[in-house]
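# Summary of the model geometry
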There are 2 protein chains.
Amino acid sequence: MAKPQMPLPRHAVRATRTAGREMRSRLLDAASGLFKERGVSGVSIAEIATAAEAFPSQITYYFRSKEALFVEAACRDVLYAGSAAEEAAAGARTPGDYTRALVESVMRADALGFFIEALTLTRRRQDLAPLIERTIERLHAEGLRAYEGQIESHGWRSRLDPATSARRFWALALGIALEGHATGRASEELAAEMLRVLDAQADPNRRDQRLKLVAGASRNVSSDPETSS
Amino acid sequence: MAKPQMPLPRHAVRATRTAGREMRSRLLDAASGLFKERGVSGVSIAEIATAAEAFPSQITYYFRSKEALFVEAACRDVLYAGSAAEEAAAGARTPGDYTRALVESVMRADALGFFIEALTLTRRRQDLAPLIERTIERLHAEGLRAYEGQIESHGWRSRLDPATSARRFWALALGIALEGHATGRASEELAAEMLRVLDAQADPNRRDQRLKLVAGASRNVSSDPETSS
């Protein structure tokens, strides 16, 4: 599977790009399901290819290695999970309800454990760090955008720096899920632990007047080869 | 290497126990160094045995599997790191100095990344969860003890629930190190990020009068077969 060497007419280039995008997306979907079930070492490139009705060479063409595919699939999934959490929380009427909806949605998502495995893997595979870096930046940026949107539309007040809130939300979610998955906790317990830890930082006298800790996620998750590989 | 079947005189039992404890400790030391350098998949039982001047059968006798040895070595190391952080912070005169010393010490410790790998491994190896569970409980309990000791001896006041503070300290440390190691951050940057996130929760008008977030660690780390396997 080499790239075409000859210039193609514009409509053919578009068709090739679309087909490539569809194949990438199909490979990411198949990989995500298998990796979440069995982890990076429990899945082979051949199995992913079979599940996606593709050839193993297409995986190496689009992603170079199994580990790179693992990390990209995990990054895509956690951005989706962030987006889903933002949608789940959008209708909340109070800061407390908003935080609870965000936390419950994020902790329920199996994307979080998948992303934690990708982070752990990348510690020893620094060639894959740039995609992780962009994903974390995007989680923070989308969280900040959602936070500011909620503050503005509801007239909520916050004593917290919004950018720091989004960073803390994700660091805590990752830390609590890392501990909780290792000790076999259910997602409801993880959500309760995160709310417990977040709640303690609120001043009890002003609990309902302030947005305690908020983050959101991405609405528009793309896995174009140009932007995410 | 079967356990002795015949009852031994008391002094011989003591000698056997001491020798066993020393061998366990030697194996844990050798494993810790190799695992931190190369991860669980990069090290074989034979290499650990060679480094400890032991036989591979002694590793399986004392630990059953390479993964169990990995998790036990990581748990022992993170308890040591917690203890070292507590000692580093013990001389602090203000809550801010105390928090800073704790955070810098924990983030500098290579035990944190090692423990994160053990947590990630244990998600798919729930037979190893009980040791992780006891280690996290002990980190929280020792953190709480240190926190309360500081509050009492200095007369500091805290608006935070001390038990929740210790839990949040470790969840945040794990989450921030997980993200930071994946993106290649230096330990100074991780410490700065953790302090940034902790600092935002303080009320700026009372910043120096209050203990913001504190945890400590274990003084007395044991790796007796009776208590830690």
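Residues numbered from 1 in each chain as written. Chains lettered and ligands numbered in written order. Predicted model: local features only at pLDDT ≥ 70, side-chain atom pairs only at ≥ 80, totals over all residues.

## Some words on the overall build of chain A
Where we set the bar: For helices the rule is a DSSP run of H or I covering at least 4 residues; for strands it is a run of E covering at least 2, with both sets numbered from the N terminus onward. Residues with at least 20 neighbouring C-beta atoms inside 10 Å of their own are called buried, those with 12 or fewer are called exposed, and the rest are partly exposed, where every C-beta is derived from the backbone. By the criterion used throughout, residues are in contact when their C-beta atoms, derived from the backbone, lie within 7 Å.
For chain A, the count of helices and strands is 10 helices and 0 strands. Reading the helices (α) and strands (β) of chain A from amino to carboxyl end gives α-α-α-α-α-α-α-α-α-α. Considering chain A as a whole, with its 229 residues, one finds that 45% of them fall into the buried category. Residue pairs in contact within chain A that sit at least 24 positions apart in sequence constitute 72% of those at least 6 positions apart.

## Here's the deal with the interface of chain B and chain A
Selection rule: Any residue that is not Ala, Val, Leu, Ile, Met, Phe, Trp, Tyr, Cys, Pro, Asp, Glu, Lys or Arg is counted as polar, Gly included; the first ten are nonpolar and the last four charged.
Between chain B and chain A, the residue contacts involve 34 residues of the former and 34 residues of the latter. For the side of chain B that touches chain A, the leading source of residues is helix α8 (residues 162-182) of chain B, giving 12 residues. When grouped by side-chain class, the residues that make up the side of chain B that touches chain A number 14 nonpolar, 11 polar and 9 charged.

## Structural notes on the relation of the copies chain B and chain A
For the record, the criterion: When the copies are superposed, the least-squares fit draws on C-alpha atoms of residues that have pLDDT of at least 70 in both.
Once chain B is rotated about the relating axis by 180° and shifted along it by 0.0 Å, it coincides with chain A to within an RMSD of 0.0 Å. With respect to symmetry, the two chain copies, as superposed, fit the operation of a two-fold axis. Measuring from the rotation axis to each C-alpha of chain B, the shortest distance belongs to G175 of chain B, at 1.9 Å. An overlap of 100% is found between the interface residues of chain B and their copies at the interface of chain A, pointing to a shared contact surface.

## What about helix α5 (residues 95-108) of chain B?
Residue and element names in this part refer to chain B. Operational definition: Multiplying 1.5 Å by the residue count of a helix minus one yields the expected span of that helix.
Taking 1.5 Å per residue, 14 residues should reach 20 Å; α5 reaches 20 Å between its end C-alpha atoms and fits that length. Within the sequence span of α5, burial applies to P95, Y98, T99, L102, V103, E104, S105, V106 and M107. Its buried side turned inward, α5 meets α4 (66-89), α6 (111-123), α7 (129-154), α8 and α9 (187-199).

## Examining unusual backbone geometry
One non-glycine residue, R64 of chain A, lies in positive phi territory at about 75°. Take R64 of chain A: it is sitting in the loop between α3 (56-63) and α4 (66-89).

## Considerations on the domain arrangement of chain A
All names here are of chain A. Test applied: Note that domain bounds follow an automatic or database assignment of domains.
Domain boundaries assigned for chain A yield domain 1 (20-63) and domain 2 (67-207). Centre-to-centre, using C-alpha coordinates, domain 1 lies 26 Å away from domain 2. For the side of domain 1 that touches domain 2, the element with the most residues is helix α1 (residues 10-38), which contributes 5 residues. Taken together, the residues of the side of domain 1 that touches domain 2 break down into 6 nonpolar, 2 polar and 1 charged.

## Overview of the environment of S25 of chain A
Residue and element names in this part refer to chain A. With respect to the helices, strands and loops of the structure, S25 is situated in helix α1. Since 15 C-beta atoms lie within 10 Å of it, S25 is described here as partly exposed. Separated by 27 residues in the primary sequence, S25 and A52 place their C-alpha atoms 9.7 Å from one another.

## Notes on the nonpolar core
The condition that has to hold: Definition of nonpolar core: a set of buried Ala, Val, Leu, Ile, Met, Phe, Trp, Tyr and Cys residues joined via C-beta atoms within 7 Å.
Ranked by internal contacts, the top residues of the largest apolar core, which has 120 residues, are L112 of chain A together with L112 of chain B. Other than its neighbours up to four places away in sequence, L112 of chain B contacts V78, A81, V106, M107, A173 and A177 of chain B.

## A look at α9 of chain B
Given 3.6 residues per turn, any residue in an α-helix points the same way as the ones three and four places further on. Formally: Taking the helix axis as origin, the arc is that swept by the directions to the C-beta atoms.
Taking 1.5 Å as the rise per residue, α9 of chain B with 13 residues should run 18 Å; its terminal C-alpha atoms sit 18 Å apart, in good agreement. Looking only at α9 of chain B, the buried set comprises L190, A191, E193, M194, V197 and L198 of chain B. Here the buried residues of α9 of chain B occupy an arc of 160° about the axis, which is enough to place them on one side. Lining the buried residues of α9 of chain B we find α8 (162-182) of chain A together with α5 and α8 of chain B.

## A few points about the environment of G180 of chain B
Residues and elements named next belong to chain B. Relative to the elements of secondary structure, G180 occurs in helix α8. Sequence-wise, G180 and E193 are 13 residues apart; in three dimensions their C-alpha atoms are separated by 9.2 Å. Excluding residues that lie within four positions of it along the chain, G180 makes contacts with R185, E189, L190 and E193.

## Side note on the environment of G113 of chain B
By the secondary structure assignment, G113 of chain B is in helix α6. Remark: the alpha-carbon pair of G113 of chain B and E152 of chain B, spanning 39 residues in sequence, is separated by 32 Å. Setting aside chain neighbours within four positions, we find G113 of chain B in contact with R123 of chain A together with A177 and H181 of chain B.

## Regarding the confidence of the model for chain A
This is how it is decided: pLDDT: the predictor's confidence for each residue, scored from 0 to 100.
For chain A, the mean per-residue pLDDT works out to 85, and 82% of the residues sit at or above 70. As scored by the predictor, the complex reaches a pTM of 0.84 and an ipTM of 0.83.

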